[in-house]
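Chain and residue survey
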Amino acid sequence: MGLFTRNRIPEGVDPKRLPPGQTLTAPDKWPLLHFGPVPKTDLETWSLKVFGEVAKPVTLGYEQFKELPTKEIPADIHCVTAWSRLGDRWTGVPIQALLEMVQPTPDARYVMAHCEYGYTTSVPLSVLDDDDVLLCTGWNGQDLSVEHGWPLRLLIPKKYFWKSAKWLRGLEFMSKNRLGFWEQRGYHDEADPFKETRYW
Ligand SMILES: Nc1nc2c(c(=O)[nH]1)N[C@H]1C(S)=C(S)[C@@H](COP(=O)(O)O)O[C@H]1N2
Ligand SMILES: [Mo]
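Remember, it's a predicted structure, so these values are computed and weren't measured experimentally. (Residues numbered from 1 in each chain as written. Chains lettered and ligands numbered in written order. Predicted model: local features only at pLDDT ≥ 70, side-chain atom pairs only at ≥ 80, totals over all residues. Heavy atoms only, no water.)

1. Re the environment of R185
Relative to the assigned elements, R185 resides in the segment after β11 (168-174). R185 gets classed as partly exposed once you look at its relative accessible area, which sits at 48%. Sequence separation between R185 and Y199 is 14 residues, and the spatial gap between their C-alpha atoms is 9.1 Å. Polar contacts involving the side chain of R185 include one to the main-chain carbonyl oxygen of F181, which spans 2.8 Å. (Helix = DSSP H or I, 4+ residues; strand = E, 2+ residues; numbered from the N terminus. Buried < 20%, exposed > 50% of the residue type's maximum accessible area, 1.4 Å probe, protein only. Polar contact = N/O pair within 3.5 Å; in protein donor to acceptor, adjacent residues only side chain to side chain.)

Listed below in structure tokens is the structure:
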């Protein structure tokens, strides 16, 4: 592969799956991008706190989290810095299983993801509540690497990848939106790869 050759869409894959302005990574290259250090997680003290506009707030330790149902789905990811990967297999707890458990109130309209070291990002509840959104623990049959978000990251394939928050520790259900880390620094809150809502 020459330096300036674009990676081709694999045979049999609909080219329309690659959003405008995006380039495929090499099949074996998944770039790493984050602000700040990679956390050192201790599963003994780790928890996922689900709070705010929910009827049944809950804080799950790792053992409790591991009892939730999981599934594997294929999904495409698109980073705002213009790389995409198509069709990787992602494993995790379907967000809809968690929504059933905590029961968002009628006032819940947005959800803020809270991560280690204060990284945040939010989406409308209507975006989160979809069958391709995972509390993600695995990628292509392996555990996520620590660098890619182990033990837990969000996966929201329909949005630019900064919304797929790594090292997730909390989900806050809110009646009004607040801007997350990158959204306060110039990234577009809509983050739709097919509309190219990258920056504001
Ligand atoms: N906690 C946390 N999650 C994060 C980030 C971060 O800085 N901190 N960066 C985001 C951005 S900008 C991108 S593109 C993806 C990159 O995920 P990857 O490193 O697994 O490719 O993680 C997102 N999730
Ligand atoms: Mo990003």
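2. Remarks on the confidence of the model for the protein
Any residue range with low pLDDT should be treated as having predicted coordinates unsuitable for detailed reading. Model confidence for the protein is summarised by a mean pLDDT of 96, while 97% of its residues fall at 70 or above. No element of the protein has a lower mean pLDDT than strand β1 (residues 23-24), at 96, and none a higher one than β11, at 99. (pLDDT = per-residue confidence, 0-100.)

3. Concerning the site of ligand 1
Near ligand 1 lie 19 residues; those nearest to it are P31, F35, H148, R153 and K166. Here an oxygen atom of ligand 1 sits 2.7 Å away from a polar atom, N or O, in the main chain of F35. Protein coverage of the free-state accessible area of ligand 1, which is 530 Å², stands at 98%. Among the residues making up the shell around ligand 1, the classes are represented as 14 nonpolar, three polar and two charged. (Near = heavy atom within 4 Å. Areas by Shrake-Rupley, 256 points an atom, 1.4 Å probe, with all protein chains shown as cover. Nonpolar A, V, L, I, M, F, W, Y, C, P; charged D, E, K, R; others polar.)

4. Overview of the side chain of T25
By the secondary structure assignment, T25 is in the loop between β1 and β2 (47-52). In this structure the side chain of T25 is engaged in a polar contact, spanning 3.1 Å, whose partner is the side chain of R85. Apart from the residues lying within four places of it in its own chain, the contact partners of T25 are N7, P31, W83, S84 and R85. (Contact = heavy atoms within 4.5 Å.)

5. Some thoughts on a negative patch on the surface
The grouping of D42, E44, E63 and E67 at the surface amounts to a negative patch. Structurally, E67 can be placed in the loop between α1 (62-66) and β4 (71-78). (Patch = residues over 30% accessible without salt bridge, like charges linked within 9 Å, V, L, I, M, F, W, Y side chains within 5 Å. Salt bridge = Lys/Arg side-chain N within 4 Å of Asp/Glu carboxyl O. Lys, Arg positive; Asp, Glu negative; His and termini not counted. Charge placed at Lys NZ, Arg CZ, Asp CG, Glu CD.)

6. Notes on the nonpolar core
F65, L128, L135, L168, L171 and F173 are the most contacted members of the largest nonpolar core, which totals 37 residues. Sorting the residues of this core by element identifies β2, α1, α2 (95-102), β6 (110-115), α3 (125-128) and β11 as the ones contributing at least two each. By residue number, the principal contributor to this core is α2, which donates four residues. (Core = buried A, V, L, I, M, F, W, Y, C linked by side-chain atoms within 4.5 Å.)

7. Quick notes on the pairing of strand β3 (residues 58-61)
The pairing of β2 with β3 spans four bridges and is antiparallel. Within the sheet, the bridge partner assigned to V50 lies in β3 and is V58. Following β2, the chain reverses through five residues before pairing antiparallel with β3. (Pairing = 2+ DSSP bridges.)

8. Quick look at the packing of aromatic side chains
Scanning all chains against the criterion turns up 14 aromatic pairs. The interplanar angle of 45 degrees and the centroid separation of 4.9 Å between the aromatic rings of F35 and F181 together place this pair among those described as tilted. On the criterion of sequence distance, the pair formed by F35 in the loop between β1 and β2 and F181 in the segment after β11 is long-range, its members being 146 residues apart. For F181, a relative accessible area of 10% corresponds to the buried category. On the basis of an interplanar angle of 85 degrees and a centroid distance of 5.0 Å, the ring pair of F181 and W182 is categorised as edge-to-face. With relative accessibility at 24%, the residue W182 sits in the partly exposed group. (Phe/Tyr/Trp six-rings, centres within 6.5 Å; stacked < 30°, edge-to-face > 60°.)

9. Observations regarding unusual backbone geometry
Between W150 and P151 the backbone carries a cis peptide bond, its omega angle lying at 10 degrees. Considering the arrangement of structural elements, one finds P151 in the loop between β9 (142-143) and β10 (153-155). In this structure, Q103 is a non-glycine residue whose phi angle is positive, near 55 degrees. Looking at the element boundaries, Q103 is found in the loop between α2 and β6.

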